[in-house]
Amino acid sequence: MKYKALYGTHDILPDDSFKWQYLEDQARKVFALYNYKEIRIPIFEETELFARSIGQDTDIVKKEMYTFTDQGKRSITLRPEATAGMVRAYLEHNLGEKSPLVKLYYLGSMFRQERPQKGRLREFHQFDIEAIGSADPAVDVEQIEMAVRICKELKISNFKLHLNSIGCPVCRPVHREKLLDFMKDKVSKLCDDCKTRYMRNPLRMFDCKKEGCIEQLQGAPVMVDFLCSECQTHYDQVKEYLKELNIDYFEDKRLVRGLDYYTKTAFEIKSPLLGSQDTLLGGGRYDLLVEELGGKSTPAIGFAAGMERFMLVMEMQKKLKYDEKKLEAKTFAVKLIRDLRQNNITCEMDYLQRSLKAQMKEANRQKAGKVLIIGEEEMKKGKAILRDMQSGEQQEIELADVGRICS
Ligand code: HAM
């Protein structure tokens, strides 16, 4: 076969598409519950829109965008994220005039020319929400609650919510001075990217993953200690609401985001199963962007989640749970039936050590819809047999996939 999918892109094959549909359905269910409405925006936009929104000095704009000149000599870019396009659509169609608070969601693929690795692709998928029109910290908490709820609906375990405030143009310059002063003798020890960040956008040095830079930044002044009274009140209120809602969070004073439009609240949810690309989702307030793009001053907040990363965590959890090599068929079945019942699926298993034939007869008598056959043979092959009792059709499914029928 001559052609292959390009490096950093992937096909979602028929055997896997149901998992994507499931993920999308869970996300949509939560969006509907919180009254967010779907918007669909183009895959490409004017380059200027992204450069202006995300920031000229960010890695995304500087090195990761797929930009080309079209036949009309316009500079076009495949969207590296959805917020800029959504705000552009919000302004273009005067959505703010129809309703003072506009709550939108979006699902689709994004494009960034990064070095592919586990959880990092060049074409990847995000679901994204934006609430445009309110400065109320209760909206920040609504979105954080939604993010947590989606993780819970998808049965993601051990995720951790990181929270920070990255201030506003009033308080940032004060912190900036302190940070520049603290780092001035250490600049020569920073990586090239951080040397540039030191000059142009010092807060983003905190985003560097390189050991050397992390070391140099030890003890550096953090933004949250320099918040102006408005940002401080906002941050305190967010934390207060989170506490009242029993949402656990970790105050991550070094959390900064990879895009420049943020103000005040910044948050991420991370999973320890993901390795170096451990952020499942991230977002925050961007109270200045609407104005920056030509609208009137309008506060806003949003987040986006990497769907491939959710897929990875879900697959890894299933593997951990149904580790076929370590379990006997019977133990596997005992755990599986517990999970099915936990998911409100009525089911029964054989407790009388009957032959397979006798078990099938019993299943018929009980008018079972489906039967899952898991014997030692199947365990060895890493497969289970799923039989539809009405049609008599049987299919082999991966043991690691059995968990999906619990969902
Ligand atoms: P972001 O942090 O750049 O934020 O991306 C959000 C999520 O997309 C990440 O946490 C990650 O899960 C996923 N992601 C990013 N890059 C890749 C990649 N190369 N491969 C796979 N997954 C990736 C934004 O995009 C903002 N627009 C979020 C936002 C919405 N802020 C306000 N509203």
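Caption draft 1: Representation of the domain arrangement of the chain within the structure. The domain boundaries assigned to the chain delineate domain 1 (14-171 + 227-316) and domain 2 (329-406). When each unit is reduced to the centre of its C-alpha atoms, the spacing between domain 1 and domain 2 is 41 Å.

Caption draft 2: Representation of the environment of Lys98 within the structure. Following the sequence through the fold, Lys98 ends up in helix H5 (residues 95-98). When its relative accessible area of 65% is taken as the criterion, Lys98 is described as exposed. For the pair formed by Lys98 and Lys118, sequence separation is 20 residues and the distance between their alpha carbons is 43 Å.

Caption draft 3: Looking closely at the nonpolar core. Core analysis: the largest hydrophobic core is formed by 98 residues, its most contacted members being Phe31, Phe127, Ile144 and Phe310. Ranked by residue count, the leading element in this core is helix H6 (residues 137-153), at eight residues. When near neighbours in sequence (up to four residues on either side) are disregarded, Phe310 contacts Leu23, Phe127, Cys151, Leu154, Ile156, Leu280, Leu281 and Ala305. Ranked by size, the runner-up nonpolar core spans 11 residues in total, among them Ile374, Ala384, Leu399 and Val402.

Caption draft 4: Representation of the sheet that holds strand S14 (residues 394-398) within the structure. Strand order across the open sheet formed by three strands is S12-S13-S14, with antiparallel pairing between neighbours. Of all strands in the sheet, those with a lone pairing partner are strand S12 (370-373) and S14, marking the two edges. Put simply, the sheet's adjacent strands are angled 25° from each other on average, direction ignored. As paired strands, strand S13 (residues 383-388) and S14 are joined by five bridges and run antiparallel to one another. The residue of S14 that forms the bridge with Ile385 is Glu396.

Caption draft 5: Fine view of the site of the ligand. Near the ligand lie 26 residues; those nearest to it are Glu81, Glu114, Leu121, Arg257 and Tyr262. Residue Arg112 places a side-chain N or O atom 2.9 Å away from an oxygen atom belonging to the ligand. Within the contact set of the ligand, a nitrogen atom lies 3.4 Å away from a backbone nitrogen or oxygen of Phe303. Those elements that provide at least two residues to the shell around the ligand are strand S6 (123-132), strand S10 (279-285) and strand S11 (300-306). In terms of residues, the shell around the ligand owes the most to one element, S10, which gives five residues.

Calculation criteria
- Residues numbered from 1 in each chain as written.
- Predicted model: local features only at pLDDT ≥ 70, side-chain atom pairs only at ≥ 80, totals over all residues.
- Heavy atoms only, no water.
- Domains from an automatic or database assignment.
- Helix = DSSP H or I, 4+ residues; strand = E, 2+ residues; numbered from the N terminus.
- Buried < 20%, exposed > 50% of the residue type's maximum accessible area, 1.4 Å probe, protein only.
- Core = buried A, V, L, I, M, F, W, Y, C linked by side-chain atoms within 4.5 Å.
- Contact = heavy atoms within 4.5 Å.
- Pairing = 2+ DSSP bridges.
- Axes fitted to C-alpha atoms, helices over the stretch in contact; angles between N-to-C directions.
- Near = heavy atom within 4 Å.
- Polar contact = N/O pair within 3.5 Å; in protein donor to acceptor, adjacent residues only side chain to side chain.

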